[in-house]
Amino acid sequence: MSLKRKIALNLSIAFSLLFGIVMVVIYMSFNDFRREEFKERFRQRLEFTSHFIAKSKDFEEEAPVFFNENSDNIMLNETILIFNSKKELIYSTIKDRNVTWNNALLKELDEKKVIYSEKTVPEIYAALRTINGENYYILTSAFDTNGKSKLAYLKYLLITAYVMSTLLIGFFSYYFMGQFLKPLEDLNQEISEITAHKLTKQIPVRNSNDEIDVLANSFNTMIGRLDDVFQSQKDFTASASHEIRTPITRMAFQLENLIKFGEHAPETLNSLRQIRRDVYQLSDLTNSLILLTKFDKENIQSIYEEVRIDEVIFESFEAVEKSYPNLKMDFLIAEETSDNGLLTIKGIQSLLDIVFINLFKNAAVYSDNMEVDVLITETGEHVTVDVISHGNTIPAEEQSRLFEAFQRGKNSQNISGSGLGLRIVKRILEYHGAKIIYTSTEAMVNKFSVVFNK
């Protein structure tokens, strides 16, 4: 998850939680207010009834007329039960059904004097009043339909507001974080465009003195130092390539003359030929390293060209054949390759030559019969080249380190080599977006499969 999304998500969660807490507080506060308001109406109604009892000369006769005249003040589904000091019902507003009550509530009034219960349906407000020297138990019950409907509407309103606010907060958090972090994204874009051949490019600084500008200045300083290091490396490579290749070329030329025109004993001639092979191997290794220093993964694709892989194979084999004249090659094209197959890939031929020269040299050095089989298979997506030789196979525990630098297997004992050949092969193929796979499906069979993307 990107930094912009993380910040926007955290802000959204924080504001949503805070807003949710505020909504809950508002809802609970309004519910308390509704309850207290309804309780106050109960109290006023009870005081009104108590005042009527105190002023009435004949309560039981005047009560029906009084409550009918004041019906506008009656709460929804209101019932009033009035008991005398003996807890006998002396008046009830219920006329069309049996009247029931809770005697335990009347006894509880003797201790508490006032009882309010909002958990019952309907709600109950009861009180014990002493009027004109006599005790009266007044029980009032009613539904707070108006308050409950307002509370339900408030809940719906708060939930809707919470959902809408959460969505808006999420949207604006993501938008504003995008605006705030845009300079950082621009910096990242500028950095991603810098390669080993663009180390002189400086990151633009906005002169705003914020953390991003500090980072840009630090990166420019680092780039300057890296450029100095790479420039020194290039200078050394250029000088070393000239100084090393010249004496190697002279040595190879003199060895060729000694072998061709000199009269030597068989042992001396074999030694000269071995020295010549070592010199050619050193020359090839030097050329490979020098070629690799000229390219990097970022700029190599800009100089790609159409390369016929069969031509690369034949040219590489001819180069190896000079040092190993007894080496034989059996070249085949797989039957599944269509007649329209062009056997072409995108790449640099000089580097691809190094790949197959190293593979053919391995076949010549490590095979038992100085023969190498090459099979090309072209499909709609890949061109695969299998280089197969017969000889001692590589143990399974060594195969994972096969393409590491200076790694040589048990089958290479008493055989000269640098341990860099397959490492260079793998690196060149990585530059071309290709891969190499070693398999040994049968005893004494080594197969290297080079897979190119078309």
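The structure under discussion appears in the preceding block.
Below or above, wherever it landed, is the structure these notes cover. This structure is a prediction, so every number in the text was calculated from the model and none was measured. (Residues numbered from 1 in each chain as written. Predicted model: local features only at pLDDT ≥ 70, side-chain atom pairs only at ≥ 80, totals over all residues. Heavy atoms only, no water.)

1. A closer look at the packing of aromatic side chains
In step 1: This model, assessed by the stated rule, comprises 13 aromatic pairs.
In step 2: A ring pair is formed by F38 and F42, whose centres lie 4.8 Å apart and whose planes are at 70°; its orientation type is edge-to-face. Taken as a pair, F38 and F42 lie in helix 1 (residues 3–55) at a separation of 4 residues, close to a single helical turn. Accessibility assignment for this pair places F38 and F42 in one class, buried.
In step 3: Centroid distance Y116 to Y125: 6.1 Å. Interplanar angle 50°. Geometry classified as tilted. (Phe/Tyr/Trp six-rings, centres within 6.5 Å; stacked < 30°, edge-to-face > 60°. Helix = DSSP H or I, 4+ residues; strand = E, 2+ residues; numbered from the N terminus. Buried < 20%, exposed > 50% of the residue type's maximum accessible area, 1.4 Å probe, protein only.)

2. A few points about the nonpolar core
Nonpolar side chains tend toward joint burial in soluble globular proteins.
In step 1: In this structure, I309, F356, F360 and F452 are the most contacted members of the largest nonpolar core, which totals 42 residues.
In step 2: Among the secondary structure elements, those contributing two or more residues to this core are helix 7 (309–323), helix 8 (349–366), strand 9 (367–378), strand 10 (382–391), helix 10 (421–431), strand 11 (435–439) and strand 12 (445–453).
In step 3: No other element matches helix 8, which puts 10 residues into this core. (Core = buried A, V, L, I, M, F, W, Y, C linked by side-chain atoms within 4.5 Å.)

3. Some details on a nonpolar patch on the surface
In step 1: Taken together, the side chains of L168, F171, F172, Y175, F176 and F180 define a hydrophobic patch exposed on the protein surface, amounting to about 650 Å² of accessible area.
In step 2: Following the sequence through the fold, Y175 ends up in helix 4 (residues 145–192). (Patch = residues over 30% accessible without salt bridge, like charges linked within 9 Å, V, L, I, M, F, W, Y side chains within 5 Å. Areas by Shrake-Rupley, 256 points an atom, 1.4 Å probe, with all protein chains shown as cover. Salt bridge = Lys/Arg side-chain N within 4 Å of Asp/Glu carboxyl O.)

4. What to know about the pattern of salt bridges
In step 1: All told, the structure shown has 9 salt bridges when counted by the stated rule.
In step 2: Among the salt bridges present, the one from K87 reaches D110, with a minimum N-O distance of 3.1 Å. Here the residue K87 occupies a position in the loop between strand 1 (79–83) and strand 2 (89–92), and D110 occupies one in helix 3 (residues 103–112), the gap between them amounting to 23 residues.
In step 3: By relative accessible area, K87 is classed as partly exposed at 26%.
In step 4: Given the relative accessible area of 32%, D110 is considered partly exposed.
In step 5: A cluster of three or more residues bridged by salt bridges with shared partners is formed by R308, D310 and E311.

5. Side note on the sheet that holds strand 4 (residues 123–131)
In step 1: Taking strand neighbours across the sheet as the criterion, the 5 strands line up as 2-1-5-4-3 in an open arrangement whose pairing is antiparallel. One side of each edge strand has no neighbouring strand; the edge strands of this open sheet are strand 2 and strand 3 (114–117). Each strand axis lies, on average, 15° off the axis of its neighbour in the sheet, ignoring direction.
In step 2: Of the strand pairs in this sheet, strand 4 and strand 5 (residues 134–142) are connected by 9 bridges, and their pairing is antiparallel. Its bridge partner being in strand 5, A127 is matched across the sheet by I138. (Pairing = 2+ DSSP bridges. Axes fitted to C-alpha atoms, helices over the stretch in contact; angles between N-to-C directions.)

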